[in-house]
Amino acid sequence: MDNNLLRQYLATVYDIPTPNGPLRVSLDGDIVQDASTLPEVLLRPFAILTAFNPRSMLLPRKVNDGRHAVLRDLLILGCYRVEQCVGYEEDPEGPWREPSWLVHGMDRDEAIAFGRVFRQNTIVLNRNARPELVVTDPTCDEVPRAFVGNWRIRA
C-alpha cells in the first residue's frame, strides 16, 4: 500500500458513538501504556465497516445510501448490534465524510469478508484496545495485510 494512502487512512478521524456523545478518535496515536485509561468503547472488540465508494470510486449519493442500507440490513440479520459512525479528514466540516457502521463484537474473518464483498480498500478492527487497519482489496495490497495503530483521542 502506498505510504501516503496509509498515512491518510491512519489519520482518518472517526466519530464513535458513546453514551456521553461521540468520541473523536484516529488510529495514529502514540503507544498506549495503560489501556485501562482509554474510554470503555475502545476496550471492546468492534469493526468499522462502510459500503460507500467501493475501491475509492465516487458513486452518486443515492447509490451509496442504498449500498449502506443493504450493509446495515445484512449486519442486523446477522444479529450484530450496529451503530452509526462517520469517518472524515481532520476537519469535520471538510468535503470528505464517509458514513460507517460500528459493529460490536464482529469476528475478524467475517469483518474482512464484508469489506471484500462491499469492495472496500480497508476496514478497521479493534481488538484488545488496539486498532488495526486491514486491507480487504487485493489491488491495494496483500489480503488481509494489517497495519496496527494506536488510538488517538481527538478533542
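In this text, all values refer to a predicted model and were calculated from it rather than measured experimentally. (Residues numbered from 1 in each chain as written. Predicted model: local features only at pLDDT ≥ 70, side-chain atom pairs only at ≥ 80, totals over all residues. Heavy atoms only, no water.)

Colleague: In this structure, what is going on with the packing of aromatic side chains? I would like to understand it.
Modeller: We describe a pair of aromatic rings using the distance from one ring centre to the other and the angle between the two ring planes. Per the stated rule, a full pass over the model turns up one aromatic pair. Summarising the aromatic geometry, the rings of Phe-46 and Trp-151 are spaced 6.1 Å apart at their centres and angled 35° between planes, so their arrangement reads as tilted. Residue Phe-46 is located in strand S3 (residues 46–49), and its partner Trp-151 is located in the loop between strand S8 (146–148) and strand S9 (152–153); the two are separated by 105 residues in the primary sequence. The exposure class assigned to Trp-151 is buried, which follows from its relative accessible area of 4%. (Phe/Tyr/Trp six-rings, centres within 6.5 Å; stacked < 30°, edge-to-face > 60°. Helix = DSSP H or I, 4+ residues; strand = E, 2+ residues; numbered from the N terminus. Buried < 20%, exposed > 50% of the residue type's maximum accessible area, 1.4 Å probe, protein only.)

Colleague: Looking at this structure, I do not really get helix H2 (residues 61–77). What am I missing?
Modeller: Quick reminder: α-helices carry 3.6 residues per turn. Residues three or four places apart thus point the same way. When the terminal C-alpha atoms of H2 are compared, their 24 Å separation across 17 residues agrees well with the 24 Å that a helix rising 1.5 Å per residue should span. Within H2, burial applies to Asn-64, His-68, Leu-71 and Leu-75. Seen end-on, H2 carries its buried residues on one side only, within an arc spanning 60°. When the buried face of H2 is taken as reference, the exposed residues oriented beyond 90 degrees from it are Lys-62 and Leu-77. The inward-facing, buried residues of H2 abut S3, strand S4 (82–88), strand S5 (97–104) and helix H3 (108–117). Where H2 terminates, the next one or two residues include Cys-79, which has phi positive at roughly 70°. (Expected span 1.5 Å × (residues − 1). Arc of directions from axis to C-beta. Contact = heavy atoms within 4.5 Å.)

Colleague: For this particular structure, what's the right way to read the pattern of salt bridges?
Modeller: Once the charged atoms of two side chains with opposite charge are near each other, the side chains can pair. A full pass over the atoms with the stated rule returns 11 salt bridges. The salt bridge involving Arg-44 is made with Glu-40; its shortest N-O contact spans 3.9 Å. Taking the shortest distance from any N to any O, the salt bridge between Arg-145 and Asp-141 comes out at 2.9 Å. Of the residues examined, Asp-141 reaches a relative accessible area of 16% and is grouped as buried. One network of salt bridges, with partners in common, ties together Asp-28, Glu-90, Arg-152 and Arg-154. (Salt bridge = Lys/Arg side-chain N within 4 Å of Asp/Glu carboxyl O.)

Colleague: Explanation requested: the sheet that holds strand S6 (residues 122–127) in the structure shown.
Modeller: Backbone hydrogen bonds are what pair the strands of a sheet, in a parallel or an antiparallel way. Read from one edge to the other, the open sheet built from nine strands follows the order S8-S7-S6-S3-S5-S4-S1-S2-S9, with strand pairing classed as antiparallel. The open sheet terminates on both sides in strands that have one partner only, identified here as S8 and S9. Sheet topology places strand S1 (residues 13–16) next to strand S2 (residues 23–26); three bridges connect them, and they run antiparallel. Counterpart to Tyr-14 in the pairing with S2 is Val-25. Seen against the sheet, H3 touches S3, S6, strand S7 (130–135) and S8 and runs at an angle of roughly 165° to S6. (Pairing = 2+ DSSP bridges. Axes fitted to C-alpha atoms, helices over the stretch in contact; angles between N-to-C directions.)

Colleague: Is there a simple way to explain a nonpolar patch on the surface in this structure?
Modeller: On the surface, Val-70, Leu-74 and Leu-77 cluster together into a nonpolar patch covering about 290 Å² of accessible area. Along the chain, Leu-77 turns up in helix H2. (Patch = residues over 30% accessible without salt bridge, like charges linked within 9 Å, V, L, I, M, F, W, Y side chains within 5 Å. Areas by Shrake-Rupley, 256 points an atom, 1.4 Å probe, with all protein chains shown as cover.)

Colleague: Just checking my understanding: could you explain helix H1 (residues 3–11) for this structure?
Modeller: Along H1, the residues that are buried comprise Leu-6, Tyr-9 and Leu-10. All buried residues of H1 project into a common sector of 95° when viewed along the axis, lining one side. Along H1, the residues that are exposed and aim more than 90 degrees away from the buried face are Arg-7 and Gln-8. Those residues of H1 that are buried are in contact with S2, S6, S7 and S8. A side-chain oxygen of the first residue of H1 lies 3.1 Å from the backbone nitrogen of Asn-4; this N-cap is Asp-2. (Polar contact = N/O pair within 3.5 Å; in protein donor to acceptor, adjacent residues only side chain to side chain.)

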